[in-house]
Amino acid sequence: MSPPPDQALWDIPDMAKLSISGVSKAYGATVALSHGDLDLEAGEVHVLIGSNGSGKSTLCKIVAGSVKPDKGKVVLDGAPVAVSGPRAAKALGIGIFYQELSLAARRTVEENICLPDLPMTGPFVDRKALSARAARYIALFDGVTGEDFAANTTVDVLRADQRQLVEIMKTLATEAPVLIFDEPTSALDRTQVDRFFEILRRLKGEGRAIVFISHRMDEIFAIGDRVTVLRDGRTVGTTRIADTSPAEVVRMMVGEETSLVVPAQAEAAASPGAVALSLRGLSGKGFSEVSFDLRQGEILGFGGLHGQGQSAVLRALFGAAPAAAGDIALDGQPFVPANPRVAIRAGIAYVSGDRGRDGIIQGRTILENVTPIHFLRNRLKLASASTLRAKATPALAALNTKFAGFSHPIGSLSGGNQQKIVIARWLIDRPQVLLLDDPTKGIDLSAKADLFALVRKLAQEGMAIILYSSEDVELLANADRILVFNAGRVTRELTGTDRTRFHLYEAAYEAA
Amino acid sequence: MSMLAEIAKRPLVVALVLIVLLLAAGELLSPGFASPTQIMRLLIVAALLGIVAAGQNLVILGGREGIDLSVGGVVSLSAIIAGNLMNGADSGIALAILGCVATGAFFGLLNGLGVTLLRIPPLVMTLGMLGVLQGLLVVIRQGIPSGRAAPGLSQFVTQPFLFGLPGIIWLWVAIGLLLAFLLSRTVYGYRIYAIGSNEQAARMAGVPVATIRVSLFVLSGVFAAIAGICLLGYSGSSFANVGEQYMLPSIIAVVFGGTSLAGGKGGYTGTMAGAMMLTVLTGILTTINIDESGRQMIFGATLLLLMLFYGRGQAMRA
């Protein structure tokens, strides 16, 4: 491609500021990045885009030195470098904004900004120089930082957007020639984003090389010069923003047209039953104004990028993190899930994808792991192992669970079978509503197949089911209709033949 | 080696073997140490410790760094209250039991509420409660006499009752059976293990986590109170801080019996063996003229050694 005429690229023809080729990284059997390429020029804002788990963050972390690649080459200013750690990255002139904020909560704004490189006089921190330096970066955002924001405010009392601004200031304060921003705008409002973009444009003019990750198409097209698309751990291509369109970028993320056809897409339930669960204007931490009706016999999918409020809504329905406002009706009756016990008694089941935290009772037997819901729903006092075994056996058989005996510890099973045990605990006494919160995370393919076969069967028997999955193929193959979440709101409903990866991505990446 | 490792995994076996070895050693050091009357005396003393350790055991099983350092204070307070309420008369026994159990439950409730509602770490909460109880004991001692055990109570603790064993041994056995049933055959027991193993998962599975945790502290207070009454019966009259000696051994007995300090794993049978073992050990130490301070040092070192032995990496989660 020809370099854009209006930019500093003319000064350094044919030599990228930073060039990454063929890098890969695997965590055990999970390949996070199989072939990552990126050419970053000085004086450009280079956008990285790809769906959940496509390898963007891994690529950034490799550049920043916090993840060591298994293979591949990183070339900086024409010379191969080994970024052995975060300190090495700093020395090489690479500054990174981390998606997971890296601020020290009990320290002040100015201390956080200068933390990577504290000004010293002898062995002591030079407070004056520190304040002066921090003030320069705070001034960049003058007028958009919001109330109660000052250089000496501790970070823990700041709002999410203000923390994100501090993280940005901290990254800018590195004054590194290469700046990497991994989702720096997710919590910012319009005016803050505009100010940030002004700053980026100025830095670009100074010849800095900037990598920018965002899930908002409008932002990408507003600030980017070029875009590199990643899919399934591979770089699929780089193109100039001026030469492309949002639809084109989504097509690159989705892949060839053939992959649009999801194999064995289940037919939508022919005649869904009565409304089982109904939400009106439900709002809480991480979601707002969510309304929908869930019918008996229906599998309703929650889609969108990871962390857009899907889990938060499910956890609110289960009473694990109650909603702040709005109404829920269960079978037409007002329903307030104040805690999980209330929800369980009302016939709501919830399966978390975070098995280790929310699901399994480590160190205890399979029997103890499969029975707690049965105890609660039947208000049992005595636990007779033989009776319980008889009750649990059909539930475990329905999922083809492989286990040697009820008295074996849960830890002796594979991840997939552990998750089956956790799901089976809900099936001894049938719930009315089944909430699946990314239930197949980290489980093998055959366990997934067993799970979805059962879920479809339960729906056919009249159970109302919500499925949130971070794997789009899984969602498209199993959901009768899909609500796409974007920034905590339901922004699109996909039904019938609209249930394609293309539409799903289009909705997920549009401006909220 | 692998056989040794297998055996080491069974704390109950280890404890029983150690008890026999210690008895034999005691007999060698001081002939008569393992005589029937001596063994019965050891059993009575072990029962006192075992009853305190029952509550300690439950609190530790419940996890979240569960521990009850206030048991010693409750034992002392209970002994004083019992002494005053019965004051040497059998007619006062029922009232004394009622008063002591209520007192133990009350302080256990405070511990439990502090740990759940105020989210104070159990170590800090029960240590603070121990301080309160010790102060309370000083105040009480200045105001009222210590009181005497009723003859019926002393008889229950020291005289043969059934098959040549005193009532307190049978009480201990009954508590052992009760806890074994509670932990393995009731929903309550399943839930104790569940909150001790993974509190968050337990909550998501509908376990009333806070209620159960509070109940464990209440039970610990009640068991300590019962031990306090029995201790009064054993010594005839209560004296300053009689219960203090129980704090560390009650924890050692639980850990020795194979209950993980991290919670969710273990049971009371092992703890009973642990209490026996510690009592025999104390007997030997006394026989060879090691005084209280020396015994405390040895107990402390024992606990730390046990942590090394059983606890590698999982005894206390960070």
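Shown above is the structure to which this text applies.
Residues numbered from 1 in each chain as written. Chains lettered and ligands numbered in written order. Predicted model: local features only at pLDDT ≥ 70, side-chain atom pairs only at ≥ 80, totals over all residues. Heavy atoms only, no water.

Some details on the packing of aromatic side chains
As a reminder of what qualifies: The pairing test for Phe, Tyr and Trp rings, Trp by its six-membered ring, is centres within 6.5 Å, and the orientation test on the planes gives stacked under 30 degrees, edge-to-face over 60, and tilted for anything in between. Helix and strand definitions follow DSSP, with helices as H or I runs of at least four residues and strands as E runs of at least two, each counted in order from the N terminus. Categorising residues by exposure relies on relative accessible area from a 1.4 Å probe, with only protein chains included: less than 20% of the type maximum marks a residue as buried, more than 50% marks it as exposed, and the intermediate range marks it as partly exposed. To sit over a ring, a charge needs its Lys NZ or Arg CZ within 6 Å of the ring centre and within 35 degrees of the ring normal.
With the rule as written, the count across this model stands at twelve aromatic pairs over all chains. Look at Phe181 of chain A and Phe196 of chain A: their rings are 5.1 Å apart centre to centre, the planes differ by 80°, and that puts the pair in the edge-to-face class. One end of the pair, Phe181 of chain A, is in strand β9 (residues 178-182); the other, Phe196 of chain A, is in helix α6 (residues 190-205), with 15 residues separating them in the sequence. Each member of the pair Phe181 of chain A and Phe196 of chain A is classed as buried. The structure contains a cluster of three or more aromatic residues connected by ring pairs, namely Phe97, Phe181, Phe196, Phe197 and Phe212 of chain A. Between Arg364 of chain A and the ring centre of Tyr193 of chain B, over which it is positioned, the NZ or CZ distance is 3.7 Å.

Let's talk about the interface of chain A and chain B
Quick reminder of the rule: Whether two residues are in contact is decided by their heavy atoms, any of which lying within 4.5 Å being enough. For any pair of parts, buried area is found by adding up, for both, the accessible area (1.4 Å probe) each one loses once the two are put together. Any carboxyl oxygen of Asp or Glu that lies within 4 Å of a side-chain nitrogen of Lys or Arg is treated as forming a salt bridge with it. Distance and chemistry together define a polar contact, namely a pair of N or O atoms within 3.5 Å, with one atom able to donate a hydrogen and the other to accept it when in protein, and with adjacent residues in sequence counting only for side-chain atoms on both sides. Only Asp, Glu, Lys and Arg are considered charged, only Ala, Val, Leu, Ile, Met, Phe, Trp, Tyr, Cys and Pro nonpolar, and every remaining residue, Gly among them, polar.
Each partner contributes residues to the interface: chain A has 29 residues there, and chain B has 22 residues. Counting the surface lost from both chain A and chain B, the interface buries some 1,900 Å², and carbon and sulfur atoms represent 61% of this. Counting the contacts that link chain A with chain B gives zero salt bridges. Inspection of the region where chain A meets chain B yields eleven residue pairs in polar contact (both at pLDDT 80 or more). Secondary-structure elements contributing two or more residues to the side of chain A that touches chain B are α10 (340-345), α11 (355-359), α12 (366-370) and α13 (372-377) of chain A. Grouping the constituent residues of the side of chain A that touches chain B by class yields 17 nonpolar, four polar and eight charged.

A few points about the environment of Val101 of chain B
Residue and element names in this part refer to chain B. For Val101, the location among the structural elements is in helix α5 (residues 93-116). By relative accessible area, Val101 is classed as partly exposed at 26%. Put simply, Val101 and Ile175 are 74 residues apart on the chain and 15 Å apart in space, counted from C-alpha to C-alpha. Apart from the residues lying within four places of it in its own chain, the contact partners of Val101 are Val222, Ala225 and Ile226.

A closer look at the nonpolar core
Definition in use: Buried Ala, Val, Leu, Ile, Met, Phe, Trp, Tyr and Cys residues that are joined via side-chain atoms within 4.5 Å together make up what is termed a nonpolar core.
Of all hydrophobic cores here, the largest spans 129 residues; its most connected members are Phe181, Phe302 and Ile466 of chain A. Listed in part, the 94 residues of the second largest apolar core include Val71, Leu77, Ile80 and Ala82 of chain B.

Structural notes on the pairing of strand β10 (residues 209-213) of chain A
All names here are of chain A. Note the threshold: For two strands to be treated as a pair, DSSP must find no fewer than two bridges joining them.
Of all the five residues making up β10, five are buried; the element is thus mostly covered by neighbouring parts of the structure. On β10, burial covers both faces: Ala209, Val211 and Ile213 on one face and Ile210 and Phe212 on the other are all buried. Two elements, strand β3 (residues 44-49) and β10, share five bridges in a ladder whose sense is parallel. Residue Val45 lies in a different strand from β10, and its bridge partner there is Ile210. Here β9 pairs with β10 via five bridges, running parallel.

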